[in-house]
Amino acid sequence: MAIGFIGTGRMGAMLVRALLGADRPVDEDVWASNRSPEKLSELATIHHRLHAGSNEELARRCRTLFLCVRPLDTAGVLAQLAPLLTPDHLLVTISNVVELNQLAAAVPCRTAKVIPSIGQYIRRGVTLLIPGPRSTPADLAFLRDLLGRVSRIYEIDESHARAATDVVSCGPAFLARFCQAWAEAAHRMQPGIPIADFEFLVWETVRAASELPRAGIAGKELLEEVSTPGGMTYEGLQAMDAVLPAMWNEVMRRTTERERELKAAVSLSTDARAGATAPGTS
Ligand SMILES: NC(=O)c1ccc[n+]([C@@H]2O[C@H](COP(=O)([O-])OP(=O)(O)OC[C@H]3O[C@@H](n4cnc5c(N)ncnc54)[C@H](OP(=O)(O)O)[C@@H]3O)[C@@H](O)[C@H]2O)c1
């Protein structure tokens, strides 16, 4: 049966592109809808296999629907979809702000959550798979097979999703910021070398380090290989040890707090139309 993506912003479009470009192509028809027509028609121009339609049309044609809108737009979409959804549908949210028990209370169908990441753009990285109320083993097997074409799958309980989301979904942005700050610090110390050169040096080093596990050098082994006790790398690591645990604790404390704020702002009652829009986050 057809698969539908409601919302073709950053994540919806990325998932459509990744799945339609996967080495093992998706057999099912793929449909997408979006509030403003431009993004959708641009995507349909690139991917001739993609069918564009309205939210209601997707609910009628697709048995699996991915909700790729921001959390505060979710209630409005559910109000449109709910009368058309049946127990034959599988509705999959991609947001941690959308709580599965609330989603399931608003619709009569099976539910699940997946947390994708920008890594799927190149068919890498991890997708978190979270079973929801009424989801069946067949639903989870289907999602594992579908998203396994473009990522590794890690199944997790919804109550454990925040820290894992910080790693797999927010992670690429966190790493980019880490690398940028590193290049800027190196440039401050040696302004004779252009910042663009330091960015190149940092990212090439990250690329090489990320490939080392293929040669059997990973994690603690990597630290041991590079860090000679009493040497400069060792000294630098001591400096990092003094600040990094607190930094990551603070990063995750802030994402958890923001998720709580957004959850408090989102009502999934299908009577409610989300008028406000705010940056939705994973
Ligand atoms: N960005 C990430 O890395 C990431 C990772 C994992 C999960 N997520 C989650 O993914 C969700 C979407 O994030 P995003 O970054 O992709 O947001 P985004 O770029 O703003 O995309 C949301 C899309 O939803 C469309 N939309 C809004 N209301 C709609 C409606 N009633 N019917 C159909 N389409 C509608 C918007 O259309 P318009 O063109 O009119 O704005 C927009 O294209 C969020 O819940 C976020 O938490 C994001």
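Residues numbered from 1 in each chain as written. Predicted model: local features only at pLDDT ≥ 70, side-chain atom pairs only at ≥ 80, totals over all residues.

### What about the overall build of the chain?
Across its full length, the chain holds 11 helices and 8 strands. Oriented by its inertia axes, the alpha-carbon framework of the chain measures out at about 65 × 40 × 35 Å. The buried share of the chain, reckoned over its 282 residues, is 30%. Within the chain, contacts between residues separated by at least 24 positions form 65% of all contacts whose residues are at least 6 apart in sequence. (Helix = DSSP H or I, 4+ residues; strand = E, 2+ residues; numbered from the N terminus. Buried ≥ 20, exposed ≤ 12 C-beta atoms within 10 Å, placed from the backbone. Contact = placed C-beta atoms within 7 Å.)

### Observations concerning the pairing of strand β8 (residues 152-155)
Relative to β8, strand β7 (residues 126-131) runs parallel, the two being bridged by 4 bridges. From the neighbouring strand, Leu128 faces β8, where its bridge partner is Tyr154. Note on the crossover from β7 through helix α6 (residues 137-147) to β8: the handedness is right-handed. (Pairing = 2+ DSSP bridges. Right-handed = clockwise from strand over helix to strand, strands pointing away.)

### Considering the sheet that holds strand β5 (residues 90-93)
The strand order β3-β2-β1-β4-β5-β6-β7-β8 describes an open sheet built from 8 strands, whose pairing is mixed. Whereas interior strands pair on both sides, the edge strands pair on one side only; in this sheet they are β3 (50-52) and β8. When the angles between neighbouring strand axes are averaged without regard to direction, this sheet yields 25 degrees. Across 4 bridges, strand β6 (residues 110-115) lies against β7 in antiparallel orientation. Within the sheet, the bridge partner assigned to Val114 lies in β7 and is Leu129. (Axes fitted to C-alpha atoms, helices over the stretch in contact; angles between N-to-C directions.)

### Quick look at unusual backbone geometry
Even without glycine at this site, Arg123 takes up a positive phi of about 55 degrees. When you line up the elements, Arg123 lands in the loop between β6 and β7. Even without being glycine, Arg134 reaches a positive phi, approximately 75 degrees. Classification of Arg134 by C-beta neighbours within 10 Å gives partly exposed; the count is 17.

### Describing the pairing of β7
Along any regular strand, the residues point their side chains to alternate faces of the sheet. Of all the 6 residues making up β7, 6 are buried; the element is thus mostly covered by neighbouring parts of the structure. Residues Val126, Leu128 and Ile130 point to one face of β7 and Thr127, Leu129 and Pro131 to the other, with burial holding for every one of them.

### Regarding the nonpolar core
Within the largest apolar cluster, 50 residues are counted, with the highest numbers of intra-cluster contacts made by Ile6, Leu65, Phe66, Leu67, Cys68 and Val92. Those residues in contact with Leu67, other than ones at most four positions away along the chain, are Ile6, Thr74, Val77, Leu91, Val92, Thr93 and Ile94. (Core = buried A, V, L, I, M, F, W, Y, C linked by C-beta atoms within 7 Å.)

### Things to note about the packing of helix α7 (residues 161-168) against helix α11 (residues 232-265)
Between α7 and α11, the least distance of the axes is 10 Å, while the angle of their chain directions is 115 degrees. Crossing hand, α7 versus α11: right-handed. Contacts between α7 and α11 involve Arg162, Ala163 and Asp166 on the former and, on the latter, Val251, Met252, Thr255, Thr256 and Glu259. Partitioning the contact of α7 with α11 into residue classes produces 3 nonpolar, 2 polar and 3 charged. (Left-handed = near helix turned anticlockwise from the far one by under 90°. Nonpolar A, V, L, I, M, F, W, Y, C, P; charged D, E, K, R; others polar.)

### A closer look at the domain arrangement of the chain
Per the domain assignment, the segments of the chain are domain 1 (2-164) and domain 2 (171-261). Distance between the C-alpha centres of domain 1 and domain 2: 33 Å. Between domain 1 and domain 2, the residue contacts involve 7 residues of the former and 6 residues of the latter. Class assignment of the residues belonging to the side of domain 1 that touches domain 2 gives a composition of 3 nonpolar, 3 polar and 1 charged. (Domains from an automatic or database assignment.)

### Thoughts on helix α1 (residues 10-20)
Restricting attention to buried positions, one finds in α1 the residues Met11, Gly12, Ala13, Leu15, Val16, Ala18 and Leu19. Elements in contact with the buried residues of α1: β1 (2-6), β2 (30-33), α2 (37-46), β3 and β4 (62-67).

### Regarding the environment of Leu223
Relative to the helices and strands, Leu223 resides in helix α10 (residues 219-226). Judged by local crowding, Leu223 falls into the exposed class, with 11 C-beta atoms found within 10 Å. Between the C-alpha atoms of Leu223 and Phe198, which are 25 residues apart in sequence, the distance is 22 Å.

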